[in-house]
Amino acid sequence: LIECLKSVSSVCLTSDIWSGNAKEDYLSVAIHFVSADWELEKRVIGLRLIDVSHSGANIAERVQSVVTEFGLKDKVFSVTLDNASSNASAMARLIPNFLGYLGPDPEPLGTERTVRGLLHQHCACQIINLIVKSGLKRIKSYLEAFRTAISYLNTSNQRIAEFHNFCLVKGVAPRKFKLDMDVRWNSTYIMLKHLLPYRSTFSVFIGANYGLVNGEPLLSDGHWSIADKMMKFLELFYDSTIALSGVYYPTSPLML
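Residues numbered from 1 in each chain as written. Predicted model: local features only at pLDDT ≥ 70, side-chain atom pairs only at ≥ 80, totals over all residues. Heavy atoms only, no water.

## Thoughts on the sheet that holds strand S4 (residues 76–81)
Link 1 in the chain: Spatially, 5 strands are ordered S3-S2-S1-S4-S5 in an open sheet, and the strand pairing comes out mixed. Where the open sheet ends on each side, the last strands, each with one partner, are strand S3 (40–49) and strand S5 (120–122). Each strand axis lies, on average, 25° off the axis of its neighbour in the sheet, ignoring direction.
Link 2 in the chain: Alignment of strand S2 (residues 25–34) against S3, held across 9 bridges, turns out to be antiparallel. From the neighbouring strand, Val34 faces S3, where its bridge partner is Leu40. (Pairing = 2+ DSSP bridges. Helix = DSSP H or I, 4+ residues; strand = E, 2+ residues; numbered from the N terminus. Axes fitted to C-alpha atoms, helices over the stretch in contact; angles between N-to-C directions.)

## Some remarks on helix H7 (residues 157–169)
Residues three or four positions apart in an α-helix share a direction because the helix packs 3.6 residues into each turn.
Link 1 in the chain: Helix length check: H7, at 13 residues, gives a terminal C-alpha distance of 19 Å against a target of 18 Å (1.5 Å per residue), a fit within 8%.
Link 2 in the chain: When we look at burial in H7, the residues that qualify are Arg159, Phe163 and Cys167. Projected down its long axis, H7 carries its buried residues within an arc of 80°, all on one side. Of the exposed residues in H7, those oriented more than 90 degrees away from the buried face are Asn157, Gln158 and Val169.
Link 3 in the chain: In this structure, the buried side of H7 is in contact with helix H6 (140–154) and helix H9 (199–210).
Link 4 in the chain: A positive phi of about 75° marks Gly171, the residue just after H7. (Expected span 1.5 Å × (residues − 1). Buried < 20%, exposed > 50% of the residue type's maximum accessible area, 1.4 Å probe, protein only. Arc of directions from axis to C-beta. Contact = heavy atoms within 4.5 Å.)

## A word on unusual backbone geometry
Trans peptide bonds make up the majority, and among non-glycine residues the majority have a negative phi.
Link 1 in the chain: At Trp38, a position not held by glycine, the phi torsion is positive, near 60°.
Link 2 in the chain: Within the secondary structure, Trp38 sits in the loop between S2 and S3.
Link 3 in the chain: Relative accessible area serves as the criterion here: at 74%, Trp38 is assigned to the exposed category.
Link 4 in the chain: For Asn214, which is not a glycine, the phi torsion comes out positive at approximately 55°.
Link 5 in the chain: Within the secondary structure, Asn214 is located in the loop between strand S6 (212–213) and strand S7 (216–217).

## Things to note about helix H3 (residues 85–94)
Link 1 in the chain: All buried positions along H3 are accounted for by Ser86, Asn87, Ala90, Met91 and Leu94. Down the axis, H3 shows its buried residues gathered within 140° of arc, on one side only.

## Side note on the nonpolar core
Link 1 in the chain: Core analysis: the largest hydrophobic core is formed by 37 residues, its most contacted members being Leu136, Phe177, Trp185, Leu195, Phe202 and Leu219.
Link 2 in the chain: Sorting the residues of this core by element identifies helix H5 (124–136), H6, H7, helix H8 (186–195), H9 and helix H10 (221–244) as the ones contributing at least two each.
Link 3 in the chain: At 8 residues, the largest contribution of residues to this core is made by H10.
Link 4 in the chain: The contact partners of Trp185, leaving out residues within four places of it in the chain, are Ile128, Asn129, Val132, Lys133, Leu136, Leu234, Phe237, Tyr238 and Thr241. (Core = buried A, V, L, I, M, F, W, Y, C linked by side-chain atoms within 4.5 Å.)

## Some remarks on the packing of H6 against H10
Link 1 in the chain: Axis separation between H6 and H10 bottoms out at 10 Å; the angle between their running directions is 105°. One way to sum up the angle between H6 and H10 is to call them roughly perpendicular. Only Gly222, His223, Trp224, Ile226 and Ala227 of H10 make contact with H6, whose side of the interface consists of Tyr142, Ala145 and Phe146.
Link 2 in the chain: Split into classes, the residues belonging to the contact of H6 with H10 amount to 6 nonpolar, 2 polar and no charged. (Parallel < 35°, antiparallel > 145°, perpendicular 65-115°, else oblique. Nonpolar A, V, L, I, M, F, W, Y, C, P; charged D, E, K, R; others polar.)

## Points about the environment of Tyr152
Link 1 in the chain: Here Tyr152 shows up in helix H6.
Link 2 in the chain: Relative accessible area serves as the criterion here: at 17%, Tyr152 is assigned to the buried category.
Link 3 in the chain: Residues Tyr152 and Pro217, spaced 65 residues apart in sequence, show a C-alpha to C-alpha distance of 14 Å.
Link 4 in the chain: The residues touching Tyr152, leaving out its near neighbours within four places in the chain, are Arg159, Ile206, Asn209 and Tyr210.

## Quick word on the pattern of salt bridges
Link 1 in the chain: One pass over the structure, following the stated rule, counts 8 salt bridges.
Link 2 in the chain: Where Glu3 meets Lys6, a salt bridge forms, and the shortest distance between an N and an O atom there is 2.8 Å. Note on accessibility: Glu3 and Lys6 belong to one class, exposed.
Link 3 in the chain: Sharing partners across several salt bridges, the network here consists of Glu144, Arg147 and Asp180. (Salt bridge = Lys/Arg side-chain N within 4 Å of Asp/Glu carboxyl O.)

Below, the structure is given as structure tokens:
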């Protein structure tokens, strides 16, 4: 890969930190570039353990180490990171070392701002994620009711089998439902999308087995009405995230 990259004039860099179940954090570094054959390529060039604080200095040190190892220090065209203060601090350290390709800003008064604008890209998908998660807090109680219902169904194999048979009796194709994940808001859209076609069968089954909550069914008509509106609302953000997560086509122009 190092030999292949010698013929590449510039690369776009992305980096993120991933946390595993083993409570160990890893910093990943990936590059996008146009090969000598004019093919758009993507490669993961680093996955480094970051067993220290996620400070700007520690992030910058590991990113620069990976970039230097692959001989790309003077070929960086842009860097895309999540919107976090530590990443902004990391970029302040990385920019002076990554100016080999773009060169410094010819206007001294705007050096930092102009270079940062060219070099430092904020992750659009993460911005969407922050917006949507903030909005979802307003209907948290409604979403929790659906999560409770799904958890109740999935915690018993016997219950799953009973729902399976109930669907067959009602002439509906049986299926399983997964809970959404807090770190992936688009999974909330998918959860609602899978649930809504089963509104009648799911509500009747949960209502008959789970019982009442403060004298009311766990899932009321109001819950389903909110779920229907939220699914349609989230679809725009879901489609945008899918489009902006493309690998083999440029995504920055799509932001405009």
